[in-house]
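# Analysis of the macromolecular model
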Amino acid sequence: MQEQSVNIKDLMQCLAQGTQSFLQAEAGVSVTRIDCRYEPVNILKLSYLTSLISVNSSINMFFAFSFEKDLIFSILRQMTQGLDYPEEETPDYLESAATEMLNIVVGNTAEFFAPGGERVTFSPPIVIQEARNMIRTQGTTFYSSVVQTSQGNLYIHLIGPRQLFDEQLNYLEAGS
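No experiment lies behind these values; they were computed from the predicted model shown.

This brings us to helix α2 (residues 69–79). All of the buried residues along α2 are Leu 71, Ile 72, Ser 74, Ile 75 and Leu 76. Tucked into the core, α2 has its buried residues touching α1 (8–26), β3 (49–56), β4 (60–67), α3 (90–108), β8 (141–149) and β9 (152–160).

Here is the structure:
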């Protein structure tokens, strides 16, 4: 498969618009501002809960949605409205809400990175809990946008190239 250049500005705008649509229509959350950054950043801020998925097509990158605590709990309340579940299962439901939203938004943008109907594959999403930072190493690129809502921020991160990481986002040494 031949690598193609990706217009990061268009991709970030597409993801931000899809995120805004999902939050408003499916989670009842108002988006107050979207701050798309089109230059690479050196540090990614991972919030309370982060869901990641790899996309393999003409682009090979990880996509991450990192949720502040109040926002993911608000999304969970809306997605589970009318559903009773034991309190001890809340962490599992939070992870499911985060991965479902990521799958839907990234899946709805699949045609963006599959020009001409080429094959696109997605990894199963993984979840990182608790805030931390990822520092950019040589050979990696980070892009980040912030979706500000009435319930807290959601950070959209693009991490590439995909080949530099395993499925748990561990950096792979050259030649591994």
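Let us now look at the packing of aromatic side chains. Counting across every chain of the model gives two aromatic pairs. Judged by centre distance (6.2 Å) and plane angle (40 degrees), the rings of Tyr 48 and Phe 73 are tilted. One end of the pair, Tyr 48, is in the loop between β2 (43–46) and β3; the other, Phe 73, is in helix α2, with 25 residues separating them in the sequence. Given a relative accessible area of 24%, Phe 73 falls into the partly exposed group. Plain terms: the ring middles of Tyr 85 and Tyr 93 are 4.1 Å apart, the flat faces sit at 20 degrees to each other, and that makes the pair stacked. Residue Tyr 93 is classed as partly exposed on the basis of its relative accessible area, which comes to 25%.

Bringing the pairing of β4 into the picture now. For β4, a buried count of eight out of eight residues is recorded, marking the element as mostly surrounded by other parts of the structure. What you see with β4 is no split at all: Asn 60, Phe 62, Ala 64 and Ser 66 on one side and Met 61, Phe 63, Phe 65 and Phe 67 on the other are buried throughout. As defined by bridge partners, β3 adjoins β4 across eight bridges and the pair is classed as antiparallel. The partner of Ile 53 across the bridge, within β4, is Phe 63. Connecting the antiparallel pair β3 and β4 is a turn made up of three residues.

The rules behind these values
Every chain begins its residue count from 1, and numbering advances along the sequence as written. Side-chain atom pairs in this predicted model are given and counted only at pLDDT of 80 or more, local residue features only at pLDDT of at least 70, and totals for whole chains, interfaces and linings cover all residues. Excluding hydrogens and water, the side-chain values take into account all heavy atoms of the structure. For the exposure calls, accessible area comes from a 1.4 Å probe over protein chains only, and a residue counts as buried if that area is under 20% of its type's maximum, exposed if over 50%, partly exposed in between. Only DSSP runs of H or I covering at least 4 residues are called helices, and only runs of E covering at least 2 are called strands; the numbering of each starts at the N terminus. The contact definition used throughout considers only heavy atoms, calling two residues in contact when any of these lie within 4.5 Å. Any pair of Phe, Tyr and Trp rings, taking the six-membered ring for Trp, is counted once the centres come within 6.5 Å. Such a pair is stacked with planes under 30 degrees apart, edge-to-face with planes over 60 apart, and tilted for the rest. Here, strands pair whenever DSSP counts at least two bridges between them.

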